[in-house]
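Letter by letter, the chains look like this.
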Amino acid sequence: MPWIRRHARKAEQPDDRLPDLEFLALVKASLEAFAPGVTEGAELKGNSLLSPHGWAVAVAPPQHGGGRHYDLVALPDVSVQPDVPCFTDCVVAMSPDPREAADAWVQTAGACLLELLDRRKRFADQAGPEHERGVPGWHSIISGAVAFGLDTTENRRMQGALLDANVLHRIADTFTADLESPFFNGVRVFYGGQPGAMEMEIRINGERHEAASAAMTALNLPEPTAFTAVRYYGLLLPLPAEGPVPSSPTTSLDTHHAHGAECCCGGELDPEHPGFELPLPHLVAELSEEERAKRVRVDTGAMMVADGVGNFLKVRLPIPLENGRTVVYLVWVYVKARVIEEIVARVHDDTLPGHRFEGLLCNAIGPWGEEVLRAPVVLEGQPIKKEGRVPYCEVVESAHPLLAKVLNDRWTAEFVLGKHDPDRA
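Residues numbered from 1 in each chain as written. Predicted model: local features only at pLDDT ≥ 70, side-chain atom pairs only at ≥ 80, totals over all residues. Heavy atoms only, no water.

S.K.: Break down the packing of aromatic side chains for me, with residues and values.
M.R.: Overall, the coordinates contain 10 aromatic pairs when judged by the stated rule. Judged by centre distance (6.3 Å) and plane angle (35°), the rings of Phe-34 and Phe-123 are tilted. Here Phe-123 lies in the loop between helix 2 (99-118) and strand 6 (125-127) and Phe-34 lies in helix 1 (residues 20-34), a separation of 89 residues in the sequence. Its relative accessible area of 10% is what places Phe-34 among the buried residues. Note on Phe-123: relative accessible area 6%, which makes it buried. Look at Phe-87 and Phe-184: their rings are 5.8 Å apart centre to centre, the planes differ by 85°, and that puts the pair in the edge-to-face class. In this pair, Phe-87 sits in strand 5 (residues 87-92) while Phe-184 sits in the loop between helix 4 (167-170) and strand 9 (185-194), placing the two residues 97 residues apart along the sequence. A residue is classified by how much of its surface remains accessible, and Phe-87, at 2% relative accessible area, is buried. (Phe/Tyr/Trp six-rings, centres within 6.5 Å; stacked < 30°, edge-to-face > 60°. Helix = DSSP H or I, 4+ residues; strand = E, 2+ residues; numbered from the N terminus. Buried < 20%, exposed > 50% of the residue type's maximum accessible area, 1.4 Å probe, protein only.)

S.K.: So what about the packing of helix 1 against helix 2? Which residues, and what values?
M.R.: Two elements in contact, helix 1 and helix 2, have axes separated by 9 Å at closest approach and are oriented at 55°. Taken together, the axis directions place helix 1 and helix 2 in an arrangement best described as oblique. The interaxial crossing formed by helix 1 with helix 2 has right-handed handedness. Contacts from Phe-23, Leu-26, Val-27, Ser-30, Leu-31 and Phe-34 in helix 1 reach Arg-99, Ala-101, Ala-102, Asp-103, Trp-105, Val-106, Gln-107, Ala-111 and Leu-114 in helix 2. (Axes fitted to C-alpha atoms, helices over the stretch in contact; angles between N-to-C directions. Parallel < 35°, antiparallel > 145°, perpendicular 65-115°, else oblique. Left-handed = near helix turned anticlockwise from the far one by under 90°. Contact = heavy atoms within 4.5 Å.)

S.K.: Which residues make up the pattern of salt bridges, and what are the values?
M.R.: Pairs can form between side chains of opposite charge once their charged atoms are near each other. Applying the stated criterion to the full structure yields 17 salt bridges. A salt bridge links Lys-405 to Asp-409, with the shortest nitrogen-to-oxygen separation between them at 2.7 Å. Through salt bridges that share partners, Asp-89, Arg-188, Glu-199, Glu-201, Arg-203, Arg-208, Glu-210 and Arg-231 make up one connected network. (Salt bridge = Lys/Arg side-chain N within 4 Å of Asp/Glu carboxyl O.)

S.K.: Describe in detail the nonpolar core, supporting the description with residues and values.
M.R.: Ranked by internal contacts, the top residues of the largest apolar core, which has 40 residues, are Phe-23, Val-27, Trp-105 and Leu-235. With 12 residues, the single largest contributor to this core is helix 2. The contact partners of Trp-105, leaving out residues within four places of it in the chain, are Val-27, Val-57, Leu-72, Ala-74, Asp-89, Val-91, Gly-110, Ala-111 and Leu-113. With 38 residues, the next largest nonpolar core counts Ile-319, Val-327, Val-331 and Cys-393 among its residues. (Core = buried A, V, L, I, M, F, W, Y, C linked by side-chain atoms within 4.5 Å.)

S.K.: Tell me about empty space enclosed by the protein, residues and numbers included.
M.R.: By the definition in use, this model includes four cavities of 30 Å³ or more. Space inside the largest cavity adds up to approximately 130 Å³. Around the largest cavity, the lining comprises 14 residues; the ones closest to its centre are Ala-33, Pro-36, Met-303, Ile-343 and Val-390. Those elements that place two or more of their residues in the lining of the largest cavity are helix 1, strand 16 (310-320) and helix 8 (337-349). Of the residues assigned to the lining of the largest cavity, the class counts are 12 nonpolar, no polar and two charged. (1 Å grid on protein atoms, 1.4 Å probe; cavity = no way out; pocket = protein on both sides within 12 Å on 5 of 7 lines; lining within 4 Å. Points joined across faces, edges and corners; volume = space filled by probe spheres on them. Nonpolar A, V, L, I, M, F, W, Y, C, P; charged D, E, K, R; others polar.)

Keep in mind these values describe shape, not function.
Laid out in structure tokens, this is it:
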């Protein structure tokens, strides 16, 4: 029996539904905002967003719902022919703006797609079969929860309630026998509606699972005081006989980052454009692995939200050298939650370039070390140089005397780069 059921395309679509490519353009923009660089070179063709690195996202024929409803298929590796492994999900815009549906998919099923390709816990959580949040017998990739509703406070409360309920772990015995795919099984968890009329739904590979949905209902999740909808997504991968972690697809993300001493890719510094990438904000790096896993709710590689710690954005910090080169540090800054929300909105509206906002530097930098930690900074959105790619914002000013000198003076390569200078004799 095929693990994913195929349906004939319906002849007509609702009048208010966006054409496939227009909606996929929104998905592409949201993916780029979520993981800068991930869509470079990707093309919109037919009903698909195709990456040159072998993965794709397609719009499937709508099977249920109204004009604001979209069915998406993620294909992590299109080179596997003739029956390409894929997983499905459906999203609905809770407002007339279809970008809301695109964002919902990217932050849940899309995050799982990115994590499946990347496997570094930058986009979604991973849990083995014995983990307290895992699914027995399976390797789990699980996104964060996304909430849409009338009240921001209720959105956050319901997000926390759904995550704290640990749904997939607690009801695993109701659905694991029905996981058919030898590659990966998509599981969508949904919880939403009006007070007194909340719906709990588990979808397995795109189809509602009645036993799992009933088991989720029996968990007695709290109800909101206003309309709220919360969702997250999981990919469940079968375990190979020889080890606890399934193999990765042969495709890759190829997101752009600086090479250097703190870079996990092991590459060498570019002689013309030397740079360093700092993997975590200082406050997050100080947490234990257990505490970090508990607190970090969102980590896209470019944005991070850690409960009780802060909201962080990865940015460029350029340091001019006397020989005309510029050393670029990819660092983290602390920003207020409303700033993160405004940045995402401006990415969608194409108004981020030139926009300035404030934050606090959250990394020790090069030879100046912790003297510049927590320095106030002014950041600016940068022009989009390549279609579909949103560059990192850049540190352009600082009221901190030392950091202002770092940004505006010219420094010797020996002082800034030391033994890491690729031009060093």
